[in-house]
Amino acid sequence: MSSPPDRRHFIHLSLLSAAGLTAQWLPSSLAAEEGELLYNGIHLPMPWPPQIKEIPKEPVTPAYLKSPPAVIPIDVGRQLFVDDFLIEKTTLTRTHHRPTYHAKNPVLSGGMVFSDGVFYDPQDKRFKMWYLAKGGTAYATSKDGIAWEKPELNVKKGTNLVETSPRDSSTIWLDLEEKDPKKRYKMFRSYSRTEKKSWCLWVHFSADGLHWTEPEPTGACGDRTTVFYNPFRKVWVYSLRHGWGQPRKRRYWETKDDVVKGAQWGANDVPPLWCGSDTLDPPRDDYKVTPELYNLDCVAYESIVLGLFSIWRGQLPERPKPNEVCVGYSRDGWSWSRPERRGFLPISEKKGDWNWGNVQSAGGGCLVMGDELYFYCSGRGDGNVTSLAVLRRDGFTSLDAGDKEGTLTTRPITFGGKYLFVNVDCAAGELRAEVLDDKGEVLTPYSAAKCVPVRADKTIQRVQWKDAADLGRVSGKTVTFRFYLTTGRLYAFWVSTAETGASHGYVAAGGPGFTGLTDTAGADNG
């Protein structure tokens, strides 16, 4: 095994990334050693994907948190504080937040998202939902994401079914990067292959999300298997259920090519083990069963991969499985940080509530609705239904200060933009920022004393200085930000190329005002 590169190589890689270059510009020996260079200065290990014999029972800290890049490029997306990747030091207190279930839940009855998909279609300017219903896969639309309509379609007369083939779980993905209009929508339907007595994903394509092609099979997999698109690396990732009659875990497969031809794994090309539950996942006091990972749905949100972990906590006959959805975060699409083990989309312990049992996430993860994120999920407590949970935009984690001023100093960063923005709640307090050079010295025009104090509760708020129009003079250089906060919560920061604050990060399953996969609108959205 070759020895790892020294820290100078990390600097070189980060600067290349900031300049928009890739590992192909490196000497071949170093490029092979480092693997693929990502947008955030992280390099993937070699070989890729990693090959592990068994999933550890103890939590594993991602390598990029143990040894982050010497300089972190931040041109892609809002920078969230879900871990310590961006933090050199801080006196602020970290708080993890959970969404609130909507008062009008369930928002759809008579069917449930079992992954499936909920997306905003910028072409039709409609919310679209595909879900498991009696007879197959059904379809609903909405103007606001809350009131849903079930249109009568011509696939099966008198119903809103779009596919009547038998199924277990399913993933439907609106692919805004697909060049073939006939494949704009992709369905990955989990069901058995009768002649082989095994399961696979049956892949369908559609131009309108209503009329689907005949299915084509992938390699064999377990029943609760799902798919997501990772736009950071432009790969389709298959989140495969590991085995039958064994503790539930995930195996990993990716392809940059055809989602059918590139998904023909087999005995001679076995998908590697990926992730599972660990000792920090608490068992229920009444069931006393070791939790397992039932499913993992993922989506690109701003600068991270958001993971929705369906945790199985046992099964007894008197109620539906008390599965609930927890949350995790990845910056390389493989390693996970899961600092919060409570249910992110929790179950209820009250019989008759819609979420009394088997809460499951939706394909696409979440939608961006102005200042909020919409998470759709299903429950089986009182029939099969679909409900909605709402979270502040970027609101997974905040760094907080009380009456006493606290500080946060970032690691060395680089960017190509000129305008600093924050997502902050400090209407009763104050936030200021300053910029330090690569030697740790405060740059005079960007001192905290010269910063215009921010006293606001906004998900997109510009930070300015009295003696500098913008950050143009330090664009492309290695700098550090230091934030000063009193009586407030800081959720994210980013540097935009536009005064609107467009983050150019990913917007998960979309939302009103977005025309593609990324935020190019900023404050102009909506």
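The structure under discussion appears in the preceding block.
Residues numbered from 1 in each chain as written. Predicted model: local features only at pLDDT ≥ 70, side-chain atom pairs only at ≥ 80, totals over all residues. Heavy atoms only, no water.

### A short note on the overall build of the protein
The condition is simple: Secondary structure follows DSSP: runs of H or I at least 4 residues long count as helices, runs of E at least 2 residues long count as strands, and numbering of each begins at the N terminus. Based on C-alpha atoms, the radius of gyration is set beside the globule rule, defined as 2.2 Å times the residue count to the power 0.38. Relative accessibility decides the category of a residue: with a 1.4 Å probe and only protein chains considered, values under 20% of the type maximum give buried, values over 50% give exposed, and everything between is partly exposed. Note on definitions: a residue-residue contact is assigned when non-hydrogen atoms from the two residues lie within 4.5 Å. The Shrake-Rupley method, run with a 1.4 Å probe sphere, supplies the accessible areas, and residue values consider only the shown protein chains as cover.
Per the secondary structure count, the protein includes three helices and 35 strands. The C-alpha atoms of the protein give a radius of gyration of 23 Å, which matches the 24 Å a tight globule of 526 residues would have. Out of the 526 residues in the protein, the part that is buried amounts to 60%. Once local pairs closer than 6 in sequence are excluded, the contacts in the protein between residues at least 24 apart make up 62%. Carbon and sulfur atoms form 50% of the exposed surface of the protein, whose accessible area is close to 21500 Å².

### Focus: empty space enclosed by the protein
Where empty space is left becomes clear once a probe the size of a water molecule has been rolled over the atoms. Note the cut-off: Only protein atoms enter the 1 Å grid used here. Points where a 1.4 Å probe fits but cannot escape make up a cavity, open sets with protein on both sides within 12 Å along at least five of seven lines make up a pocket, and a residue lines them when an atom lies within 4 Å of a point. Grid points are joined across faces, edges and corners, and a volume is the space filled by probe spheres set on the points. Residue type decides the class: Asp, Glu, Lys and Arg count as charged, Ala, Val, Leu, Ile, Met, Phe, Trp, Tyr, Cys and Pro as nonpolar, and the leftover types, Gly among them, as polar.
Inspection of the entire model under this criterion finds five cavities of 30 Å³ or more. Considering only enclosed or pocket space, the largest cavity measures out at about 150 Å³ in volume. Along its surface, the largest cavity is lined by 16 residues, and Phe-119, Trp-173, Ala-508, Ala-509 and Leu-517 are the ones closest to its centre. Those elements giving two or more residues to the lining of the largest cavity turn out to be strand 7 (112-121), strand 12 (170-174), strand 20 (292-302) and strand 35 (506-507). Tallied by class, residues from the lining of the largest cavity come to 14 nonpolar, two polar and no charged. Taken as a whole, the second largest cavity spans an internal volume of roughly 60 Å³. Lining the second largest cavity are Tyr-39, Asn-40, Ile-72, Pro-73, Ile-74, Asp-75, Val-76, Gln-79, Phe-85, Ser-303 and Arg-331. A per-class count over the lining of the second largest cavity returns six nonpolar, three polar and two charged.

### Digging into the pattern of salt bridges
Our working definition: Salt bridges, as used here, are contacts in which a Lys or Arg side-chain nitrogen is within 4 Å of a carboxyl oxygen on Asp or Glu.
Enumeration according to the criterion identifies 37 salt bridges in this entry. Asp-400 serves as the salt-bridge partner of Arg-489, at 2.6 Å between the closest nitrogen and oxygen. Within this pair, whereas Arg-489 is found in strand 34 (residues 488-496), its partner Asp-400 is found in strand 27 (residues 397-401), the two being separated by 89 residues in sequence. Measuring nitrogen to oxygen at the nearest pair gives 2.7 Å for the salt bridge that ties Arg-432 to Glu-405. On the criterion of sequence distance, the pair formed by Arg-432 in strand 31 (residues 430-436) and Glu-405 in the loop between strand 27 and strand 28 (406-410) is long-range, its members being 27 residues apart. Among the ionic contacts, a cluster of salt bridges with common partners joins Arg-78, Glu-302, Arg-393, Asp-394 and Asp-519.

### Here we look at the packing of aromatic side chains
Basically, it comes down to this: What counts as a ring pair is set by centres within 6.5 Å for rings of Phe, Tyr and Trp (its six-membered ring), and what kind of pair is set by the plane angle: stacked under 30 degrees, edge-to-face over 60, tilted for all other angles. Whether a charge lies above a ring is judged from NZ of Lys or CZ of Arg, which has to be within 6 Å of the ring centre and within 35 degrees of the ring normal.
All told, the structure shown has 36 aromatic pairs when counted by the stated rule. Aromatic pair Trp-130 and Tyr-139: ring centres 5.6 Å apart, planes at 50°, arrangement tilted. Both residues of the pair, Trp-130 and Tyr-139, belong to the buried class. One aromatic cluster is present, built from ring pairs that chain together Phe-119, Trp-173, Phe-188, Tyr-229, Trp-236, Tyr-238, Trp-253 and Trp-265. Stacked on the ring of Phe-309, the Lys or Arg Arg-338 has its end atom at 4.7 Å from the ring centre. Residue placement shows Arg-380 over the ring face of Phe-114; its charged tip is 4.9 Å from the ring centre.

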